[in-house]
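# Observations on chain architecture
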Amino acid sequence: MNDQLTDRRGALMAAEIAEQPAMLQRILAAQHDALGSVVQRLRAHDPHTVLLVARGTSDHAALYAKYLVETRLGLPAGLVSTSAYTIYRESPRLDGVAWIAVSQSGGSPDLADSTRAARAAGALTISLTNTASSVLQDAAEIALHLDAGEEKAVAATKTYTASLLWLWLLVETWAGGDVAAAAPLPGWVSESLDIPAVLDVASRYRFVDKLVTTSRGFGYPTAREAALKLMETCYLSGHAFSGADLMHGPLAMIDEDRPVVAVVPEGRGGTALQPVLTSLRDRGADVCVVGPAGLAPESAPRITLPSGMPEQLAPIAQIVPLQQLARLMALSRGYDPDHPRGLHKVTQTR
């Protein structure tokens, strides 16, 4: 009986990670009808600023969208402090603002309350959720559905990559770009599902109690999401830093006993990370590079990703082996990543 229980640990998370290529393909096939009218509303609103509101895993998707908005649309974008609306009861002037709320469940009261306040203050409000109905959808003027399918494991996986893809499609369509660039994405994610080195990394870091993740640019949200997955499933102390911020002080805590997982994308973000990798190597740090071959000094361990992914789309595939890493490390420690202690699928914050 105990062996059967052990065999079932992490089964939900494993299945949901494996669903991602097919799920992404489904979104790509259906997105045009869903986004056309939304982009028309955005263009008619002609916002001067985009504000993004989210919590937890969705907050990392919102950070990714901030990079997209600023680089593709040339608009300032910011992450909202919901407490300004829910605790301090302030009412900022939001005429000319596009407000995008991201939440898998749509059930957190602070997201719904702040979105309701933003709508009343003049913002064009959009919700992006994975539920058929929710308080957040009711609060927003426009609702988009992730269509990721039911997610049963507490640790979010497929809803995260679905959020990234929908946000990319929204911004790219708004910018007048070619969304056909995402056509190879399900294949890249499929290649990233079963990388043998992930098991080696999980074994290597099985007993660590503290770990750092880092990247630059579009890879930085991946570093943050990876740290969160490791914390919530493995109960270790994970710290995520932009490579630039890592050099501004936290580098001092890095030594051979605190592994660093470095997400190194092709493109400007990976180039900007190179001095950080050099500094880490000079300190004798145990660095695991996650990225296509040839982008960083050879390291052991290394998780090699497919090459040729555009930097803006790469985060959707980058996170997949790190989801697997969190699952495998949790299992190696005797934990069940489907049901992290003290956590629930819907987190209610105010």
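A brief look at the structure comes next. Per chain, residue numbering runs from 1 following the sequence as it is written. With pLDDT at 70 or above as the cut-off, local features in this predicted model cover only qualifying residues; side-chain atom pairs require 80 or more to be listed or tallied, and sums for whole chains, interfaces and linings still use all residues. Derived side-chain values reflect all non-hydrogen atoms in the structure, with water molecules and hydrogen atoms excluded from consideration.

## Thoughts on the pattern of salt bridges
- Salt-bridge detection follows one rule: a side-chain nitrogen of Lys or Arg within 4 Å of a carboxyl oxygen of Asp or Glu. Here the structure, examined in full by the defined rule, presents ten salt bridges.
- As a salt-bridge pair, E172 and R72 come within 2.9 Å of each other at their nearest N and O atoms. Residue E172 is found in helix α8 (residues 158–174), and its partner R72 is found in helix α4 (residues 57–73); the two are separated by 100 residues along the sequence.
- Between buried and exposed lies partly exposed: a residue is buried under 20% and exposed over 50% of the maximum accessible area for its type, with that area taken using a 1.4 Å probe on protein chains only. Given a relative accessible area of 8%, E172 falls into the buried group. By the criteria applied, helices consist of DSSP H or I runs no shorter than four residues and strands consist of E runs no shorter than two, each listed in order from the N terminus.

## Digging into the packing of α4 against helix α11 (residues 220–234)
- Between N-to-C directions, angles span 0 to 180 degrees; the directions come from axes that are lines fitted to C-alpha atoms, helices contributing only their stretch in contact. Running from amino to carboxyl end, α4 crosses α11 at an angle of 175 degrees, the nearest separation of the two axes being 9 Å. Accordingly, the angle class assigned to the pair α4 and α11 is roughly antiparallel. In this structure, α4 uses T57, D59, H60, L63, Y64 and Y67 to contact α11, whose residues at the interface are Y220, P221, R224, E225, L228 and K229.
- As a working rule, the residues Ala, Val, Leu, Ile, Met, Phe, Trp, Tyr, Cys and Pro are called nonpolar, Asp, Glu, Lys and Arg charged, and the rest polar, with Gly in that last group. Across the contact of α4 with α11, the residue classes tally to six nonpolar, two polar and four charged. Here is the rule for angles: anything less than 35 degrees is roughly parallel, anything more than 145 is roughly antiparallel, 65 through 115 is roughly perpendicular, and the remaining ranges are oblique. Every residue pair with non-hydrogen atoms within 4.5 Å of one another is taken to be in contact.

## Concerning the sheet that holds strand β10 (residues 302–304)
- Here the rule is simple: two strands pair whenever DSSP picks up at least two bridges between them. Spatially, five strands are ordered β7-β6-β8-β9-β10 in an open sheet, and the strand pairing comes out parallel. Each edge of the open sheet carries a strand with a single partner, namely β7 (237–242) and β10. Strand-to-strand, the axes of this sheet are offset by a mean angle of 15 degrees, without reference to chain direction.
- Looking at chain direction, strand β6 (residues 210–215) and β7 are connected through six bridges and run parallel. Note on β7: the bridge partner recorded for V212 is H239.
- Sheet strands in contact with helix α13 (residues 268–282) are β6, β8 (260–263) and β9 (287–291), and its direction is about 160 degrees off that of β8.

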